Amino acid sequence: MELRQLLYFVTVVEEAGFTRAAERLHLAQPGLSSQIRRLERELGQSLLDRSGRSVTPTEVGRALLPYARAALAAAEGVRQVADEFGGLLRGRITVGVLSGVAAHEFDLAAVVAAFHEEHPRIEVALTEGSSDRMLAALQEGALDIALVGPAQEDPVPGVSFQVLVDEPLVAAVAPDHPLAGGTEAGRTEPAAAGAGTGTGAGTGAAAGAGGLPLEALRGLPVISLPRGTGTRGVLERACARAGFRPRVVFEAADPRFLAQLAGRGLGVAVVPRPAESVTAGSGLLLLPFAAPVPRARIVLAWRTAGPTGPAAAALLARLRTGLATGPA
């Protein structure tokens, strides 16, 4: 009995036929059929029922199937351990990315490309989603690593964080918005440490020396990131502590689009302190909030117990180093 014969048997069962199994295994169908017959002769039992439109396992085949899969998994584990010690990692890694983060915050593609060049036998699968869903997927083991924006300050149970970005939330408003307090649009003020202003954006007089009270948003139309994102969670938790619920009238995943909506006078955009590329030429006024200032974070997250395989552990180490330098 050979491992490849067990692989052929499992594949035929999964594909319910020899033709699709041969295509999946990149084999000629006669050769595949011959190997299965050899396995059946060696065991002295018929493993597959070929009488119907699709191929199904016999009673003996059904009983043998879990053992065949276990043998294949054990062989793969042996290969992974040997590759780990030999420096030839292989495997598949699933990485969750908060929508917009890969393109606008970090040069994630460069880190993944460098990792792939060093470990070409490792498959990296990237998927986008909301922070809430990806944190749940990490806990369940459906993801190995994730870039998320958590709503809470402390890591969720079973998950560890490395903070990559920690920015104050600001209110972005059009120059004629009531919160602007008559501040002249387009005034350039250098960003003070922790103030939440940026080049090309003025600071509204309504904010005052101590910043804009969060209560000033009560009843006003608010423009925010969608539910499930860390920034939205931070905003809602801060407003709840202040005794009200924000009246969100527009939501979108891209902070640049939120800023455009605010620039049209459609509401107050509550976003992490925007980069110059977001507000340049928009005439928006960025109003820092009064203390306690709500903050948005982007973190690298993984299961506290550690990645399940050496491939994921290697990529996590690369990401912790490559992304720690901050946004691209």
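No experiment lies behind these values; they were computed from the predicted model shown.

About the cut-offs
Residues numbered from 1 in each chain as written. Predicted model: local features only at pLDDT ≥ 70, side-chain atom pairs only at ≥ 80, totals over all residues. Heavy atoms only, no water. Helix = DSSP H or I, 4+ residues; strand = E, 2+ residues; numbered from the N terminus. Contact = heavy atoms within 4.5 Å. Buried < 20%, exposed > 50% of the residue type's maximum accessible area, 1.4 Å probe, protein only. Pairing = 2+ DSSP bridges. Axes fitted to C-alpha atoms, helices over the stretch in contact; angles between N-to-C directions. Parallel < 35°, antiparallel > 145°, perpendicular 65-115°, else oblique. Nonpolar A, V, L, I, M, F, W, Y, C, P; charged D, E, K, R; others polar. pLDDT = per-residue confidence, 0-100.

Asker: Is there a simple way to explain the side chain of Ser130 in this structure?
Answerer: Positionally, Ser130 belongs in the loop between β4 (122–129) and α7 (131–140). Apart from the residues lying within four places of it in its own chain, the contact partners of Ser130 are Leu98 and Gly228.

Asker: Just to check I follow, could you spell out the pairing of strand β10 (residues 285–288) for this structure?
Answerer: Residues in a regular strand point their side chains to alternate faces of the sheet. Of the two faces of β10, the one carrying Leu285 and Leu287 and the one carrying Leu286 and Pro288 are both buried. When strand β6 (residues 159–173) meets β10, the two strands line up antiparallel, connected through four bridges. Bridge pairing in β10 links Val170 to Pro288.

Asker: Help me out: how do you make sense of the packing of helix α1 (residues 3–15) against helix α3 (residues 29–43) in this one?
Answerer: If you want to describe how two helices pack, look at the angle between their axes and the distance between the axes. Where α1 meets α3, the axes come as close as 9 Å, and the angle between the chain directions of the two elements is 110°. Between α1 and α3, the angle falls in the class roughly perpendicular. Judged by residue contacts, Arg4, Gln5, Leu6, Tyr8, Phe9 and Val12 of α1 engage Leu32, Gln35, Ile36, Arg38, Leu39 and Glu42 from α3. Among the residues forming the contact of α1 with α3, the class breakdown is seven nonpolar, two polar and three charged.

Asker: Help me understand the confidence of the model for the protein chain, please; the structure alone is not making it clear to me.
Answerer: The predicted structure's coordinates, where accompanied by low pLDDT, should not be read in detail. Looking at the protein chain, the pLDDT average stands at 82 and 84% of residues meet or exceed 70. Per-residue pLDDT stays below 50 along residues 182–205; that stretch engages in 49 contacts with residues further than four places along the chain or on separate chains.

Asker: Which parts of the structure should I look at to understand the environment of Ala242?
Answerer: Looking at where Ala242 falls in the secondary structure, it is placed in the loop between α8 (230–241) and β8 (247–251). The exposure class of Ala242 is partly exposed, given its relative accessible area of 22%. Placed 24 residues apart in sequence, Ala242 and Arg218 show a C-alpha to C-alpha distance of 9.5 Å. Residue contacts for Ala242: discarding those within four places in its chain leaves Leu214, Glu215 and Arg218.

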